[in-house]
Amino acid sequence: AMTLGKHVYCQKPLVRTIWEARQMQEIAKKARVATQMGNQGTAQDGLRMQAAQVRAGIIGNVTEIHVWSNRPVWPQGHKRGASKPVRDSIDWDVWIGPRPMRDYAEGYAPFVWRGFWDFGAGALGDMACHQMNMTFMALDLKDPVTVQAETSGHDKDIFPSWSIIKYHYPKNSWRGEINLTWYDGGKLPPADLVGEKMESSGTLIIGDKGKIHIPGDYGSGGKVVSGGVDIPEVKFDRSPGHFEEWVRAIRGGQEARSNFPNYGADLTGMALVGNLAVWCNGPEVQWDAKKMRVKNIGDFSNEKASIEELIKPTYRE
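Residues numbered from 1 in each chain as written. Predicted model: local features only at pLDDT ≥ 70, side-chain atom pairs only at ≥ 80, totals over all residues. Heavy atoms only, no water.

**Notes on the sheet that holds strand S7 (residues 202-207)**
So, step 1. Strand order in the open sheet formed by nine strands is S9-S8-S7-S3-S6-S5-S4-S10-S11, with mixed pairing between adjacent strands. Each edge of the open sheet is held by one strand with a lone partner, namely strand S9 (223-226) and strand S11 (293-294).
So, step 2. One ladder, built from seven bridges, connects strand S5 (residues 163-169) with strand S6 (residues 178-184); its direction is antiparallel. By the bridge assignment for S6, Ser-163 is matched with Asp-184.
So, step 3. Relative to the sheet, helix H4 (residues 122-131) contacts strand S3 (62-68), S5, S6 and S7, its axis offset from that of S6 by approximately 130 degrees. (Pairing = 2+ DSSP bridges. Helix = DSSP H or I, 4+ residues; strand = E, 2+ residues; numbered from the N terminus. Contact = heavy atoms within 4.5 Å. Axes fitted to C-alpha atoms, helices over the stretch in contact; angles between N-to-C directions.)

**Focus on the pattern of salt bridges**
Pairs can form between side chains of opposite charge once their charged atoms are near each other.
So, step 1. One pass over the structure, following the stated rule, counts 17 salt bridges.
So, step 2. Of the charged contacts, one joins Lys-79 and Asp-155 as a salt bridge, the two residues approaching to 3.6 Å between their closest N and O atoms. With a gap of 76 residues between them, Lys-79 in the loop between S3 and helix H3 (92-96) and Asp-155 in the loop between strand S4 (146-151) and S5 connect regions that are remote in the sequence.
So, step 3. Lys-79 gets classed as exposed once you look at its relative accessible area, which sits at 60%.
So, step 4. Through salt bridges that share partners, Lys-12, Arg-71, Arg-114 and Asp-126 make up one connected network. (Salt bridge = Lys/Arg side-chain N within 4 Å of Asp/Glu carboxyl O. Buried < 20%, exposed > 50% of the residue type's maximum accessible area, 1.4 Å probe, protein only.)

**What to know about the packing of helix H8 (residues 260-280) against helix H9 (residues 304-311)**
So, step 1. Orientation of H8 relative to H9, taken along the N-to-C sense of each, is 155 degrees, at an axis distance of 10 Å. Taken together, the axes of H8 and H9 are roughly antiparallel relative to one another. Here the hand of the crossing between H8 and H9 comes out right-handed. Between H8 and H9, the residues in contact are Leu-276, Trp-279 and Cys-280 and Ser-306, Ile-307, Leu-310 and Ile-311, respectively.
So, step 2. Class assignment of the residues belonging to the contact of H8 with H9 gives a composition of six nonpolar, one polar and no charged. (Parallel < 35°, antiparallel > 145°, perpendicular 65-115°, else oblique. Left-handed = near helix turned anticlockwise from the far one by under 90°. Nonpolar A, V, L, I, M, F, W, Y, C, P; charged D, E, K, R; others polar.)

**Side note on the side chain of Lys-12**
So, step 1. Relative to the helices and strands, Lys-12 resides in the loop between strand S1 (8-10) and helix H1 (18-31).
So, step 2. In this structure the side chain of Lys-12 is engaged in a polar contact, spanning 2.7 Å, whose partner is the side chain of Asp-126.
So, step 3. Contacts of Lys-12, omitting those with residues within four sequence positions, involve Gly-38, Arg-114, Asp-126, Met-127, Cys-129 and His-130. (Polar contact = N/O pair within 3.5 Å; in protein donor to acceptor, adjacent residues only side chain to side chain.)

Functional significance is not addressed by these values, which are geometric in nature.
See the structure below:
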């Protein structure tokens, strides 16, 4: 669509693999079309203000982030189920698309495809573009250098029922190193770390001058739960509204914040690096974002081909 000059709005998960995120980015740049990913929280002034406050140092130098999700809301960690005749309402060849052909099973449609490695991106792909969004905006969390995951285990067909994923980001020109931990499937950070009642999803940002606890999925409405620091007035670019941003860009105005070239694809690709660690289930994965490769791929000799397939997929004819 973009190569035909069409403006594109795409819901999340934007893509399934890291290479595909880069392709969306590069094609959008080349085609010079207006694009937007469907992570609506990006347009909320509350999220933008919170990101600006964190960036301005409201809790000092941020060193640690915890993000927990109530996903998945579909079955994960189970077996695919027995092969069955394809429903009359489904063109199975078209539904499979570019992925390897297999028999139909009731577990795929209409919604739970998100929990299959070949079709979706699991709980992380579903919600990280919402729940990591504010900290991504605030702290330039584009390229982790290591990721490591603990999970319930999986059969390389279906994502695990729960996972805990640790991202490490190096320091940049204006902030220090940051460790981010993602939890899904009912796993939560330690209650005493948060210091107050937690909802089933939320974010905790820890700095050397205090903590911010943000309940829910969208990264706004947080409050300082320790530190007693002053909350500064901050300037930020207010949004006219989520879809209004995209329409404005189509009409030749300012681009939508969550456009593919400069935001949405980077946020998606960053999240999907975590799924490499989920696949490996235990060992640390060292990531080279510039070259889009696992630096210590030699440590995964039996998994080399499957890891590379998760980075850049092979398409069925």
